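Architecture at a glance
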Amino acid sequence: MIRVLLADDHPVVRAGLRALLGAEPDLVVELEAGTAEDAVALAAGGRVDVVLMDLQFGGSMQGAEATRRVRSAPGAPHVLILTNYDTDADILGAIEAGASGYLLKDAPPAELVAAVRAAAAGQSALAPAIVTRLAGRSRVSEGRLSPREVEVLGLVAAGRSNRQIGQDLFLSEATVKSHLVHIFGKLGVGSRTSAVASARASGTIRGA
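Residues numbered from 1 in each chain as written. Predicted model: local features only at pLDDT ≥ 70, side-chain atom pairs only at ≥ 80, totals over all residues. Heavy atoms only, no water.

1. Topic: the overall build of the protein
Counting secondary structure elements, the protein contains ten helices and six strands. Over its C-alpha trace the protein gives a radius of gyration of 17 Å, about what one expects of a compact globule, namely 17 Å for 208 residues. Along the first, second and third principal axes, the C-alpha set of the protein runs to 50 × 35 × 30 Å. Counting contacts in the protein only where the partners sit at least 6 residues apart, residues at least 24 apart contribute 64% of the total. Looking at the protein as shown, the accessible area adds up to about 9,500 Å², and 53% of this sits on carbon and sulfur atoms. Here the protein carries 21 positive and 22 negative side-chain charges, and the mean point of each set is 7 Å from the other. (Helix = DSSP H or I, 4+ residues; strand = E, 2+ residues; numbered from the N terminus. Rg over C-alpha atoms; globule rule 2.2 N^0.38 Å. Contact = heavy atoms within 4.5 Å. Areas by Shrake-Rupley, 256 points an atom, 1.4 Å probe, with all protein chains shown as cover. Lys, Arg positive; Asp, Glu negative; His and termini not counted. Charge placed at Lys NZ, Arg CZ, Asp CG, Glu CD.)

2. Digging into the side chain of Thr83
Examined against the element boundaries, Thr83 turns out to sit in strand S4 (residues 78-83). Residue Thr83 is classed as buried on the basis of its relative accessible area, which comes to 0%. A distance of 3.2 Å separates a polar side-chain atom of Thr83 from the backbone nitrogen of Tyr85. Residues in contact with Thr83, not counting those within four places in the same chain, are Asp54, Leu55, Tyr102, Leu103, Leu104 and Lys105. (Buried < 20%, exposed > 50% of the residue type's maximum accessible area, 1.4 Å probe, protein only. Polar contact = N/O pair within 3.5 Å; in protein donor to acceptor, adjacent residues only side chain to side chain.)

3. Points about the nonpolar core
Counting 65 residues, the largest nonpolar core has Leu52, Met53 and Val116 as the members making the most contacts within it. Of the residues forming this core, the biggest block, six residues, is contributed by helix H5 (residues 109-120). For Leu52, the residues in contact, after removing those within four places along its chain, are Val4, Leu5, Leu6, Ala7, Leu17, Leu21, Leu80, Leu82, Leu112 and Val116. (Core = buried A, V, L, I, M, F, W, Y, C linked by side-chain atoms within 4.5 Å.)

4. Some words on the environment of Leu6
Looking at where Leu6 falls in the secondary structure, it is placed in strand S1 (residues 2-7). With a relative accessible area of 1%, Leu6 lands in the buried category. Taking the C-alpha atoms as reference points, Leu6 and Val51, 45 residues apart in sequence, are found 6.1 Å from one another. Ignoring sequence-local partners within four residues, the contact set of Leu6 consists of Arg14, Leu17, Arg18, Leu21, Val29, Leu31, Glu32, Ala33 and Leu52.

5. Overview of the pattern of salt bridges
Inspection of every chain in the model, using the stated rule, returns 14 salt bridges. The residue Lys105 makes a salt bridge to Asp8 at a minimum N-O spacing of 2.8 Å. One end of the pair, Lys105, is in the loop between strand S5 (101-104) and H5; the other, Asp8, is in the loop between S1 and helix H1 (11-22), and 97 residues separate them in sequence. Taking the relative accessible area as the measure of exposure, Lys105 reaches 27% and is therefore partly exposed. Overall, the relative accessible area of 3% leaves Asp8 in the buried class. When the shortest N-O distance is used, the salt bridge between Glu24 and Arg117 registers 2.9 Å. Linking Glu24 in the loop between H1 and strand S2 (27-33) with Arg117 in helix H5, this pair joins segments that are 93 residues apart in sequence. (Salt bridge = Lys/Arg side-chain N within 4 Å of Asp/Glu carboxyl O.)

6. Overview of the environment of Phe57
For Phe57, the location among the structural elements is in the loop between strand S3 (50-53) and helix H3 (63-72). For Phe57, a relative accessible area of 7% puts it in the buried group. For Phe57 and Ile2, which are 55 residues apart along the polypeptide, the C-alpha to C-alpha distance reads 25 Å. Leave out the neighbours within four places in its chain, and Phe57 touches Ala7, Asp8, Asp9, Gly34, Thr35, Ala36, Gln62 and Gly63.

What follows is the structure, given as structure tokens:
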């Protein structure tokens, strides 16, 4: 079972998510938090695999900082952002804080369920709307991958995990994830596999 912590300051939102996720045979809502501070404390208990985190809370701590604190702990659960906010700063800030993915609250239920499963497996999960936004942003800069991005994607193609890529390139895991978000946006894709396939097709990295 994939154990989920719901972190949102709106009880109605939490109730809806609990009903949605509870209908899946492999998902269970283990805990709920109404503040970012509670989310950090509960996530540290080792009882959940994925934290479904809002970005905006009524208290002093917000979702990005809570994500950073959750992910800084040993054996931390993965964090998936679920929010109404889709600015570039929000998206990149959350990913750099260590979030595995970023979805909007109007995402189709099936997309949310798939993203929770992907996050639990340690995979990136970006909503198609987010990929489209990042792609549009990147087209302004002609969509070319930087040398570092090519280097990161080459290691992804070689089967290296984010942690391994960070060790190879002397980068933090959060920085590797940030590079991947930029890569996904520039290539207009939503997964590591699609990014590798696109880059190989264009000759950006070597084919298999």
